[in-house]
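Single-letter residue listing:
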Amino acid sequence: MKNARQKDLLTTEVETTANAGIRRLQIRCWIALIVIAAARAWFTRYELAPDSMSYLDIARAVASGHLGAAIHAYWSPGYPLLLSAFFWAFHPSVYWEFPLVHFVNLVIFTATLGCFQLLWREALQWHRKYAGVRDAEIPENAFWALGYAAFGIATLNIIRVGLVGPDLLVSAFCLLTGWSALRFRRVPNIGHSLLLGAVLGLAYYAKAPFFPMAVVFILCACAWRPVSMQTMVLTGTSVVTFLLVCAPFITALSQAEGRLTFGDSARVNQGFYINGVQYFRHWQGGPPGSGMPVHPTRKLNAFPQIYEFAADNMGTYPPWFDPTYWNAGITPHLDLRRQAVVFVRNLALEFQIVLESGAELICVLIILALLRSYPTRWIEGLWRLWFIWVPGVIALGMFALVHVEPRFLGGWLILLFAGAVCACLLPTDPSVRRAVWCIGAATLVTAGAALILQASREAVGSDHAEGRSSEDATIATALLSHGLHPGDDVAVVGDGTGAYWAHLARLRVVAEIPAGSASRSEHPALDFLQSGSEVRQKELKILEQTGARAVILTIGDSAPSIMPAPWRRIDGTADYIYFFPASRLSAR
C-alpha cells in the first residue's frame, strides 16, 4: 500500500514537472513569435499592396461616420471596421498612418496566436483520443513544438505581418472556427452549437469565402454522428445562428446591389482569371462571350492611353475602390478546358508554396508517419480524423479553381498540418518518444531560424525594401505644401493602385496614363515620356479637362532624371508634379 502511494506521488510529481516544462515552452514561443512579428511589422511599416488602399479608404470613411462605406460587394467589412476603430481613436498624421496600420496587424497576429492556442489544445485532445494509449501519443512538448513551428511559418513567412489586408484576420477566424467545430464534435451541446454558428458568421465578415466554407465546417462538426433529434437540433442551431449573424450585412449588401448576394468577388475574379477579361481595371469589353461593361472607365485617348474615372464616394482611386461597379457587365461562363488548366496550375503553385516555406515540416511528417511498423496506420488515422483536415483541403481546392496567392493559404495549411500530425502514432518504445521530442525541438529551432532570416532581410532592405521607406508620406507632405488641398482632384502618370501618397494627402485620383500590367502589353506611361513635347502638351491638355489640378509622374526607376519646366521634382523622390496653369499661382 505504501509502495503504491509512493508510486502515485512520484507519477504526480513527474506530471507536474512535465506540465511546467510545457508552460515554459509555450511562454517562450509566445514571446519569440510576438517579438519577431513586432520587429517585422516595424521593418515593413510603410509597405502596402494594391488592395491596401481600398481597405484604408473604407476604414477612413467609417471612422468619419460613414458606416455605409463598409457595405461593399468586393471588399469584406471586417478588416476595415477594425482599422476604423484605431483611426477614430488615434487620428494618425500623414507619417504615422501606415505604421499604425501595421501595429493593428500586430494586434491581429497576437489574437491569431491565441486562436491557434485553442485549436492546438483541442487537436491534442483528438490525438490522444485516437492514440488510445499514452505510449502511442506524440509527446506533448513535441506536439506543441511542431504546432508553433507550423504557426510561425504560416503566419509570418507565408502571409507576413507586414501585408496590409485581411489575411491574418482570416487566418485567426480559420483557426477559431476549426477549434469551435472540433470542440462541438467532441462535446456536442447547445452552447457549442451556438458558438460554432456565431464564429462562422463573424468569419464571413472577415472574408466572403467563409460563407460557402460554413457548410463544410458544420458538416465536419456534425456528420457521421447517429441521426437523431438531438443531432438535427444542434446542427440546425448552428445553421440558424450563422445565418442570423450574417443577415444584417447580406441584407444591406443585397439592397445596395438590387439583388440577393453575399458578395461578388468570386464572379469578378472568374471573369479576370478564367474568362480572359482584362484585369484589374480599365476593362472596355471582351473577349467575346464575357460581356460589355455597364459603366466603364472613360477612354479619352488611344495613344498613349488616357482614362478618366471621376466618381463620388469612390475613395482615392475609384477603379480599384469598387471593381464590381467598373466591371459590372461581366458575364462569367464555364470554360472547362481553361478551368482545368488554371486548376492544375494553381494546385502546382500551392504545392510549390508549401515546399518552399515548410519543407522541414513535410519531412517531419514523413518521419513520424514511417516510425510506426505499419505506415498504412497513418493513412487510416487520416481517414478517421478527416474532420480536422478536410476544411483545409476544400479551401485550397476552392482557391485553385480561380486564383492562388501565398497569403490565402496560412490558416488552412495549419488545419491540414493539424490533421496530419494527429494521425501519427508512435511505437511503444521510450527511446522513440525522446527521439520525437528531439525532432520537434529541432523543427522549432529550424522554423525560428527561417523567421529570423526573413526578418534580417527585411531589416537590411534586401526584401520588401519599400516597407522601410516613407516616400509616400514625403510625397503627400510635398503635394500639400505645394498648394494642393485635401479633396483636390489629381491625375497620375503611372500606376494608380500604388498612389498611396494620394490617400495620405486625401486627394482624389480622377484620371491616369497607366503603367504596364500583367494584362496589358502596352506601357502608356512610358509612351507618354517618349513622345515629343507637342504630343505631351496635347495629352496634358486632355488631363486638364478632367478637372485635375495637377499631374503626378510616378513610375519609379523608369522616371527620367530631368523633366523640363514647369515639371517640378518632389524632393527626396524620383517623382515629379505638374500644375495646370489655373493652379500654378496657388502652388507658388
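Below is a summary of the structure that appears in this document. (Residues numbered from 1 in each chain as written. Predicted model: local features only at pLDDT ≥ 70, side-chain atom pairs only at ≥ 80, totals over all residues. Heavy atoms only, no water.)

**Details of the pairing of strand β5 (residues 550-554)**
Quick reminder of the rule: Working definition: with a 1.4 Å probe on protein chains only, accessible area under 20% of the residue-type maximum means buried, over 50% means exposed, and in between means partly exposed. Counting from the N terminus, the helices are the DSSP runs of H or I reaching at least four residues and the strands are the DSSP runs of E reaching at least two. Between any two strands, at least two bridges found by DSSP are needed for them to pair.
Here β5 lies mainly inside the structure; five of its five residues are buried. Strand direction decides the pairing type here: strand β3 (residues 489-494) and β5, joined by five bridges, are parallel. When the sheet's bridge partners are listed, A491 is paired in β5 with V551. Here four bridges tie β5 to strand β7 (residues 576-579), and the two strands are oriented antiparallel to one another. When the sheet's bridge partners are listed, A550 is paired in β7 with F579.

**What to know about unusual backbone geometry**
The peptide bond linking F303 to P304 adopts the cis configuration, its omega dihedral lying at -10 degrees. Tracing the sequence through the fold places P304 in the loop between β1 (298-302) and β2 (305-308). A cis amide bond links A565 with the next residue in sequence, P566, at an omega value of 10 degrees. Tracing the sequence through the fold places P566 in the loop between β5 and β6 (568-569). You will see that N313, though not glycine, has its phi angle at about 55 degrees, which is positive. You can see N313 is positioned in the loop between β2 and α11 (318-321). Looking at N313, the relative accessible area reads 75%, which means it is exposed. The residue R506 is not glycine, and still its phi comes out positive at about 60 degrees. With respect to the helices and strands, R506 occurs in the loop between α19 (500-505) and β4 (508-513). For R506, a relative accessible area of 43% puts it in the partly exposed group.

**Considering the nonpolar core**
So the rule is basically this: Nine residue types can take part in a nonpolar core, namely buried Ala, Val, Leu, Ile, Met, Phe, Trp, Tyr and Cys, and a core is a set of them joined through side-chain atoms within 4.5 Å. Only heavy atoms enter the contact rule, under which two residues are in contact if any of them lie within 4.5 Å.
Counting residues in hydrophobic clusters, the biggest one holds 164 residues, and the most contacted among them are I138, W412, L479 and W501. For I138, the contacting residues outside a window of four places in its chain are H127, F143, L368, V421, C424, L426 and V436. Grouped together as the second largest cluster of nonpolar side chains are 21 residues, A491, V493, A525 and L529 included.

**Side note on the pattern of salt bridges**
What counts, and what does not: Salt bridges are defined as contacts in which a side-chain nitrogen from Lys or Arg sits within 4 Å of a carboxyl oxygen from Asp or Glu.
Tallying each qualifying case throughout the model produces 22 salt bridges. For the salt bridge of E137 with R128, the shortest nitrogen-to-oxygen distance reads 3.8 Å. On the basis of relative accessibility, which here comes to 11%, the residue E137 falls in the buried class. Residue R128 is classed as partly exposed on the basis of its relative accessible area, which comes to 28%. Between E257 and R259 there is a salt bridge, with its nearest N and O atoms 4.0 Å apart. Given the relative accessible area of 36%, R259 is considered partly exposed. Overlapping salt bridges bring together R40, E47, R160 and E458 as one network.

**Points about the packing of helix α5 (residues 140-159) against helix α17 (residues 430-460)**
Counted only if it meets this: Helix axes are fitted only over the stretch in contact, all axes being lines through C-alpha atoms; the angle between N-to-C directions runs from 0 to 180 degrees. The scheme is simple: roughly parallel for angles under 35 degrees, roughly antiparallel for over 145, roughly perpendicular for 65 to 115, oblique for anything else. By convention, the crossing between two helices is left-handed when the near helix turns anticlockwise from the far helix through less than a right angle, and right-handed when the turn is clockwise. Each residue is assigned to one of three groups, with Ala, Val, Leu, Ile, Met, Phe, Trp, Tyr, Cys and Pro labelled nonpolar, Asp, Glu, Lys and Arg labelled charged, and all others, Gly among them, labelled polar.
It is at 8 Å that the axes of α5 and α17 come closest, and there the two elements cross at 20 degrees. Comparing the axis directions of α5 and α17 gives the class roughly parallel. Note on packing geometry: the crossing formed by α5 with α17 is left-handed. Across the interface between the two elements, N141, A142, A145, L146, Y148, A149, G152, I153, L156 and N157 of α5 pack against V436, W437, G440, A441, T443, L444, A447, A450, L451 and Q454 of α17. In terms of residue class, the contact of α5 with α17 is built from 14 nonpolar, six polar and no charged.

**Let's talk about the state of the cysteines**
For clarity, the threshold we go by: Note that a disulfide, as used here, is simply two cysteine sulfur atoms within 2.5 Å.
Tallying each qualifying case throughout the model produces zero disulfides. Free cysteine: C29, not disulfide-bonded; nearest cysteine sulfur from C438 at 16 Å. A relative accessible area of 8% means that C29 is categorised as buried. In this structure C174 is a free cysteine whose sulfur lies 10 Å from that of C115, the closest cysteine sulfur available.

**Here we look at the environment of F399**
Locating F399 in the fold gives a position in helix α15 (residues 386-400). Judged by relative accessible area, which is 13%, F399 ranks as buried. As a C-alpha pair, F399 and N346 span 53 residues in sequence and 8.0 Å in three-dimensional space. Look past the residues within four positions of F399 in its chain and what remains in contact with it is N346, E350, V404, F408, L409 and W412.

**Some remarks on the sheet that holds β5**
Strands in a sheet are paired, the pairing made by backbone hydrogen bonds, and the direction either parallel or antiparallel. Here we have seven strands laid out as an open sheet, ordered β1-β2-β4-β3-β5-β7-β6, and mixed in their pairing. If you trace the sheet from one side to the other, it starts and ends with β1 and β6, each paired once.

**Looking at helix α7 (residues 190-206)**
To be explicit about the condition: To estimate how far a helix should extend, the number of its residues minus one is multiplied by 1.5 Å. Counting of polar contacts relies on pairs of N or O atoms within 3.5 Å, with two restrictions inside protein: one atom must be capable of donating a hydrogen and the other of accepting it, and residues adjacent in sequence are counted only when both atoms are side-chain atoms.
With 17 residues, α7 should reach 24 Å at 1.5 Å per residue; the first-to-last C-alpha distance of 25 Å fits that figure. Among all positions in α7, only H192, S193, L196, G197, V199, L200, G201, A203, Y204, Y205 and A206 are buried. Two or three places before G191, at the start of α7, stands the capping residue N189, its side-chain oxygen 3.1 Å from that residue's backbone nitrogen.

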